[in-house]
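Here are the chains, one letter per residue:
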Amino acid sequence: MMAISKALIASLLISLLLLQLVEADQLVTSSGEGTSAKNSIDCGGACAARCRLSSRPRLCKRACGTCCARCNCVPPGTAGNQEMCPCYASLTTHGGRKKCP
């Protein structure tokens, strides 16, 4: 009888511990998803604004979209201001030219 009660208490404690670990994991996972969603920007909208005066808007939006996806940043305005996004300004093509409009 004593062995059964010790086994029952031990299994209850293990169950509670596992339940606590699962709940903690769910909290960490859900809080991690929230922060990444807040920090991402709308690359399509930002690049449409950036490329609205471009002579080649499709090319501009494609290059801008690639840069935005990598850097999660698009400088304000239609040209210049690249110091606002150092990552965006530092990307280059294979030929060494600036990649981002």
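Being a predicted model, the structure only gives us computed values, none of them experimental.

> Could you give an account of the confidence of the model for the chain, with specific residues and numbers?
Considering every residue of the chain, the mean pLDDT works out to 84; 86% of them sit at 70 or more. Counting interchain partners and residues more than four positions distant, the pLDDT-below-50 stretch residues 33-37 has zero contacts.

> Outline the side chain of Gln82, supporting the account with residue identities and numerical values.
Take Gln82: it is sitting in the loop between helix H3 (57-71) and helix H4 (86-90). Classification of Gln82 by relative accessible area gives buried; the value is 16%. One polar contact links the side chain of Gln82 to the main-chain carbonyl oxygen of Cys100, over a distance of 3.3 Å. Contact partners of Gln82, with chain neighbours within four places excluded, come to Arg50, Pro75, Tyr88, Ala89, Lys98, Cys100 and Pro101.

> Account for H3, naming residues and giving values.
End to end, H3 covers 20 Å across 15 residues, agreeing with the expected 21 Å (1.5 Å per residue, within 8%). Of the residues making up H3, those classed as buried are Cys60, Ala63, Cys64, Cys67, Cys68 and Cys71. Buried residues of H3, viewed axially, fall in a sector of 135°; they line one side. Those residues of H3 that are exposed and angled more than 90 degrees off the buried face are Arg58, Arg62, Ala69 and Arg70. Backbone geometry just after H3 places Asn72 at a positive phi near 55°.

Reading guide: rules and limits
- Residues numbered from 1 in each chain as written.
- Predicted model: local features only at pLDDT ≥ 70, side-chain atom pairs only at ≥ 80, totals over all residues.
- Heavy atoms only, no water.
- pLDDT = per-residue confidence, 0-100.
- Contact = heavy atoms within 4.5 Å.
- Helix = DSSP H or I, 4+ residues; strand = E, 2+ residues; numbered from the N terminus.
- Buried < 20%, exposed > 50% of the residue type's maximum accessible area, 1.4 Å probe, protein only.
- Polar contact = N/O pair within 3.5 Å; in protein donor to acceptor, adjacent residues only side chain to side chain.
- Expected span 1.5 Å × (residues − 1).
- Arc of directions from axis to C-beta.

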